[in-house]
Amino acid sequence: MEFKTKGIMRYFLIIILGLFLWTGCNDDDEKLTPSTEPEFRYVLPQGDHDYDTKIVSWYEDCGIYFLYKFENKDVYYNENDRWAGFVEDTSRINESELVFYNPGLRVELPDEEYVGKQLEWIEKLFLNHYSRELLKKKMVKKVILAKNVTYCRRLGNNILSEQERDYFNNIANTLIFSHGDASVENLANEDMLEMKNDLHTWMLTEKLVDDYPMAELEDFLSVTDYSKTLSADYYEEWVSEGWLGRLANSEEEAKRTDVRTYLEMIITTPKEILEIDVNSVSRQDPLFWVIRNYDYAGFLHPSKDVAGNIKKKYDLIVAAFKDWGVDLPAIGDLYYE
């Protein structure tokens, strides 16, 4: 019986193998031919507004599509990740309602009369601080000009949470901006400051710094003995080496972390605040409450930078990035009152 079963199995395997070979060798099958459909591209300009000329120019110079007319797929498609839009569906089972949802964004089309001002705001806040060459190489290729951008999710007891977003950058190769409406004319300076810090930190430390030729930062890196920073027991030892206190597991990691930390310090802190003697500012001085908002206040003052290595490295990295077309202190001073 066992022999008979094995024989039957072998018979079926031979048939399956024969069919496979026949299918693969059949000359009657149609040959594969290249698709004649043109590659999908967005069409610019999308309208006949004055700002459409500028949008076309951005595409021609940097390959960036600024879209103010868009569909859900233009916004929420996220390549190998999940759909980035908020999805909610309800069904009724046994007289009870069940809610199924996918947390994500809700994005509305902008009011076109405000898109020009929205674009000017984005340029001043962000784009104008980088060369067209850098933007062409590293900037995302699609910018959605929208309004009422909110991130939605369900909390306990099935409560819908809606969080307004000024911008959103966690979708593959897409950056989404809100305020394509009258709100663009009433943005508070503190909101602009927060957005400036977040956007430039993202651009410099996530999009650019890994491509920056580390060999051109050799002078900056040579100031610090990274073997000491890895073994130092006290924060003062790190500071004396010009190290700003981010832990690392290797010298190579320490160097890259050091570059990122200096970039963050410079673009989020006005130079006046970096150079201030924080110990000389009394609680009665209005400046006292200002400097409390800055983590790096006083880092370039001799009372903090006793060995002078932080200032030395500051000057070196500023000069290096200026040669690369990025004025770091100008970004740091932006929206500082």
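Residues numbered from 1 in each chain as written. Predicted model: local features only at pLDDT ≥ 70, side-chain atom pairs only at ≥ 80, totals over all residues. Heavy atoms only, no water.

### A look at the sheet that holds strand β6 (residues 147–154)
By definition, the strands of a sheet pair up through backbone hydrogen bonds, in either a parallel or an antiparallel sense. Spelled out, the test is: Whether two strands pair depends on DSSP finding at least two bridges between them. In this text, helices come from DSSP runs of H or I with a minimum length of four residues, and strands from runs of E with a minimum of two, each type numbered from the N-terminal end. Under this scheme, a helix contributes an axis fitted over its contacting stretch, all axes are lines through C-alpha atoms, and angles between N-to-C directions fall in the 0 to 180 degree range.
Strand order in the open sheet formed by three strands is β4-β6-β7, and the pairing between neighbours is antiparallel. Bordering the open sheet on either side are β4 (104–108) and β7 (160–164), each of which pairs with just one other strand. For this sheet the average axis-to-axis angle between neighbouring strands, irrespective of direction, equals 30°.

### What to know about the confidence of the model for the protein chain
Rules: Each residue gets a pLDDT score, which is the predictor's confidence in that residue and runs from 0 to 100. Any two residues whose heavy atoms approach within 4.5 Å are treated as being in contact.
For the protein chain, the mean per-residue pLDDT works out to 85, and 83% of the residues sit at or above 70. The low-confidence segment residues 1–8 (pLDDT under 50) makes zero contacts with residues lying over four places distant or belonging to another chain.

### Regarding the packing of aromatic side chains
How we decide: Two aromatic rings, drawn from Phe, Tyr or Trp (for Trp, its six-membered ring), form a pair once their centres lie within 6.5 Å of each other, and the interplanar angle then sorts them: stacked below 30 degrees, edge-to-face above 60, tilted otherwise. Burial classification: accessible surface area is computed with a 1.4 Å probe over protein chains only, and a residue below 20% of its type maximum counts as buried, one above 50% as exposed, and the rest as partly exposed. Charge over a ring is defined by NZ of Lys or CZ of Arg lying within 6 Å of the ring centre and within 35 degrees of the ring normal.
By the definition in use, this model includes 16 aromatic pairs. Ring geometry for Phe 126 versus Tyr 130: centroids 5.8 Å apart, planes at 70°, classification edge-to-face. Note on Tyr 226 and Trp 243: the rings are 6.0 Å apart at their centroids and 90° apart in plane angle, and the pair reads as edge-to-face. Remark: Trp 243 occurs in the loop between α9 (235–240) and α10 (251–268) and Tyr 226 occurs in helix α8 (residues 226–231); sequence separation between them is 17 residues. Judged on exposure class, the residue Tyr 226 and its partner Trp 243 are both buried. Here the aromatic residues Tyr 42, Tyr 59 and Tyr 65 are joined through ring pairs into a cluster of three or more. In this arrangement the basic side chain of Arg 132 is found over the ring face of Trp 58, its NZ or CZ atom lying 3.8 Å from the centre. Its guanidinium or amino end placed over the ring of Phe 220, Lys 313 lies 4.7 Å from that ring's centre, counting from NZ or CZ.

### Let's talk about the nonpolar core
Applicable threshold: Among the buried residues, those of types Ala, Val, Leu, Ile, Met, Phe, Trp, Tyr and Cys that are joined through side-chain atoms within 4.5 Å form a nonpolar core.
Ranked by size, the top nonpolar core spans 76 residues in total, and within it Phe 126, Met 139, Leu 175 and Met 265 carry the most contacts. A total of eight residues in this core trace back to one element, the largest contributor, which is helix α6 (residues 189–208).

### Some thoughts on the pattern of salt bridges
The condition is simple: The term salt bridge refers to a pairing of a side-chain nitrogen on Lys or Arg with a carboxyl oxygen on Asp or Glu at a separation within 4 Å.
As enumerated under the stated definition, the model contains 11 salt bridges in all. One salt bridge in this structure joins Glu 252 and Arg 256, with 4.0 Å as the shortest N-O distance. Pair noted here: Glu 252 and Arg 256 are both in helix α10, with a separation of four residues, about one helical turn.

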